[in-house]
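# Secondary and tertiary structure notes
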Amino acid sequence: MDIEAFKELFNLEESYWWFVGRRNIAFTLLEKHVRKSLSNLVLDAGCGTGLNATILKERVGPTIGLDISDKAIGLARLRGVDSLVRASIEALPFKDGSFHLVSSFGVIYHQDVVDFRRAVGEFNRVCKNGGFVLITTPAFRFLRSRHDILQKSSRRLTRAELREAVSGEGFKIKKLSYWTFFMFPPVLAERVFLNLFDRVKGGGDSA
């Protein structure tokens, strides 16, 4: 993403309903499986502007934020994330079994991730035996919009596609679902309307 997109994310993710909803569901799920401990080392893979990393540190344990973008690293530092590494999620610079938890919030969809299955394999490699990996990612190609273009989205995965990817890397799946299931009809209606509006304005590349 460019700097303006990162700044927009920085300003929106604390209060915008979509980010708030995703965080509430993700961290409620984590609390069922991961107890807070200073011995828990956490990797937020693709930490972006660092908000999730700060919450992971507070609720789970010491957290390292990793991102390939210098712009993201700079904004994460502004948020107070003190452990930051610049690297690709497809080649994590850590030893096998280094982390009790690996999180990846909305990252594997990005065009900078050439092979998302390789990234999933890296999450598995650096996660301890008995540890956990949390992945969120946009779903359904027909929901692609101008937002995907601005965010440089490369892929949207179905639940079956994500299941295949993580199962292929040897994960035991605890939970796999579409988190906006009950919001899907209004979200779909809004997305169809906005895509149509973009085309009327001459933005037909949004589909």
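Residues numbered from 1 in each chain as written. Predicted model: local features only at pLDDT ≥ 70, side-chain atom pairs only at ≥ 80, totals over all residues. Heavy atoms only, no water.

### Focus: the sheet that holds strand β2 (residues 63-67)
Read from one edge of the open sheet, five strands run β3-β2-β1-β4-β5, paired in parallel fashion. At either margin of the open sheet sits one strand with a lone partner, and together these are β3 (84-86) and β5 (127-136). Adjacent strand axes in the sheet meet at a mean angle of 20° when their direction is disregarded. Helix α5 (residues 116-126) rests against β1 (42-45), β4 (99-105) and β5 of the sheet, and its axis sits at about 145° to β5. (Pairing = 2+ DSSP bridges. Helix = DSSP H or I, 4+ residues; strand = E, 2+ residues; numbered from the N terminus. Axes fitted to C-alpha atoms, helices over the stretch in contact; angles between N-to-C directions. Contact = heavy atoms within 4.5 Å.)

### What about the pattern of salt bridges?
Applying the stated criterion across every chain, the model contains five salt bridges. Ionic pairing is found between D82 and K57, a salt bridge with its closest N-O pair at 3.2 Å. Residue D82 is located in the loop between α4 (70-78) and β3, and its partner K57 is located in helix α3 (residues 51-59); the two are separated by 25 residues in the primary sequence. Between R86 and D70 there is a salt bridge, and its shortest N-O distance comes to 2.9 Å. (Salt bridge = Lys/Arg side-chain N within 4 Å of Asp/Glu carboxyl O.)

### Looking at the packing of aromatic side chains
In the structure shown here, the tally under the stated rule is two aromatic pairs. Centroid distance F27 to F105: 6.0 Å. Interplanar angle 25°. Geometry classified as stacked. Separated by 78 residues along the polypeptide, F27 in helix α2 (residues 17-33) and F105 in strand β4 bring together distant segments of the chain. Relative accessible area serves as the criterion here: at 2%, F27 is assigned to the buried category. Classification of F105 by relative accessible area gives buried; the value is 6%. Taking 5.0 Å as the distance between ring centres and 90° as the angle between the ring planes, the aromatic pair formed by F94 and F99 counts as edge-to-face. You can call F99 buried: its relative accessible area is 1%. Sitting above the plane of the F27 ring, R59 keeps its charged end 5.3 Å from the centroid. (Phe/Tyr/Trp six-rings, centres within 6.5 Å; stacked < 30°, edge-to-face > 60°. Buried < 20%, exposed > 50% of the residue type's maximum accessible area, 1.4 Å probe, protein only. Lys NZ or Arg CZ within 6 Å of the ring centre and 35° of its normal.)

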